[in-house]
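# A closer look at the structure
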Amino acid sequence: VEAKRRELHGQREQAAEAAASGARAAQARLDADRAAGLAGAALEENEAAQEEELMVLEAVLGEEGFEREEEAAPPAFRLTVAGERARGEPTAVQLRVTFVVEYPSHLPPRLEIVDGVAAEDAPLVRDSLLALFYAQREESAAAGEPAEGVVHRWTEWVKEEWMPSS
């Protein structure tokens, strides 16, 4: 138990540092793009990318896994990720995601863990998901490709990485 606790603590620290480092780099890039007059076009493209991502999430996750908050502006929705724990027990994690105008070009959506993750583990899950966004964003930028939505990858990470270890 103590070894597992130390391992989890190390993972928390790694995820927190990756998320913080990614946030600093993303904000610097956004500030530089705004100063150069380049942010406007990217922010316009974000709206179309967000709508496309919402349609994909709804199609892939269905009514059981995706619930759009119709009156929310900016777009917000809840995701329910169902899976199994390491011992084969069924479990579910519910996330609330709110898009920001800088997503996906620069910043991640706002993320709230609503249910299914113990309070002491929520920072690890949140920071791991944010770090996943920043890593994907850096890969896209390095390849000269436009930013893509990350929310579906978040659901995959929760199901394939988090649930089996919880």
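Quantities reported herein were computed from a predicted structural model and do not represent experimental measurements. (Residues numbered from 1 in each chain as written. Predicted model: local features only at pLDDT ≥ 70, side-chain atom pairs only at ≥ 80, totals over all residues. Heavy atoms only, no water.)

## Some details on the overall build of the chain
A count of helices and strands for the chain gives four helices and four strands. Starting at the N terminus and walking to the C terminus, you meet the elements of the chain as α-α-β-β-β-β-α-α. Compactness check: the chain gives a C-alpha radius of gyration of 17 Å against a globular reference of 15 Å for 166 residues, within 12% of the reference. Projected onto the principal axes, the alpha-carbon positions of the chain cover approximately 55 × 35 × 25 Å. Expressed as a percentage of the 166 residues in the chain, the buried residues total 38%. (Helix = DSSP H or I, 4+ residues; strand = E, 2+ residues; numbered from the N terminus. Rg over C-alpha atoms; globule rule 2.2 N^0.38 Å. Buried < 20%, exposed > 50% of the residue type's maximum accessible area, 1.4 Å probe, protein only.)

## Looking at the pattern of salt bridges
Counting across every chain of the model gives ten salt bridges. Glu-102 serves as the salt-bridge partner of Arg-34, at 3.2 Å between the closest nitrogen and oxygen. Within this pair, whereas Arg-34 is found in helix α1 (residues 2-35), its partner Glu-102 is found in the loop between β3 (90-98) and β4 (110-115), the two being separated by 68 residues in sequence. Looking at Arg-34, the relative accessible area reads 42%, which means it is partly exposed. (Salt bridge = Lys/Arg side-chain N within 4 Å of Asp/Glu carboxyl O.)

## Side note on the packing of helix α2 (residues 39-65) against helix α4 (residues 151-165)
The interhelical angle for the contact between α2 and α4, taken along N-to-C directions, is 35 degrees, at an axis separation of 10 Å. From α2, Glu-53, Leu-57, Val-60 and Leu-61 reach across to α4, where they touch Val-151, His-152 and Thr-155. Here the contact of α2 with α4 is built from residues that sort into four nonpolar, two polar and one charged. (Axes fitted to C-alpha atoms, helices over the stretch in contact; angles between N-to-C directions. Contact = heavy atoms within 4.5 Å. Nonpolar A, V, L, I, M, F, W, Y, C, P; charged D, E, K, R; others polar.)

## Side note on the nonpolar core
Phe-77, Val-97, Val-151 and Trp-154 are the most contacted members of the largest nonpolar core, which totals 34 residues. Where this core is concerned, the elements lending two or more residues are α1, α2, β2 (76-84), β3, β4, α3 (122-142) and α4. The greatest single-element share of this core, amounting to eight residues, is contributed by α3. The contacts of Val-97, once residues within four sequence positions are left out, are Pro-75, Ala-76, Phe-77, Leu-79, Pro-109, Arg-110, Leu-111, Val-151 and Trp-154. (Core = buried A, V, L, I, M, F, W, Y, C linked by side-chain atoms within 4.5 Å.)

## Digging into the sheet that holds β4
With antiparallel pairing, four strands are arranged side by side in an open sheet as β1-β2-β3-β4. The two strands at the open ends of the sheet, each matched to only one other strand, are β1 (66-69) and β4. Averaged over neighbouring strand pairs, the angle between their axes works out to 20 degrees when direction is ignored. Examined bridge by bridge, β1 and β2 share four bridges and lie antiparallel to one another. Along β2, the bridge assignment pairs Glu-67 with Arg-78. Against the sheet, α2 touches β1 and β2, its axis set at about 125 degrees to β1. Helix-sheet contacts for α3 involve β3 and β4, and the interaxial angle to β4 is about 145 degrees. (Pairing = 2+ DSSP bridges.)

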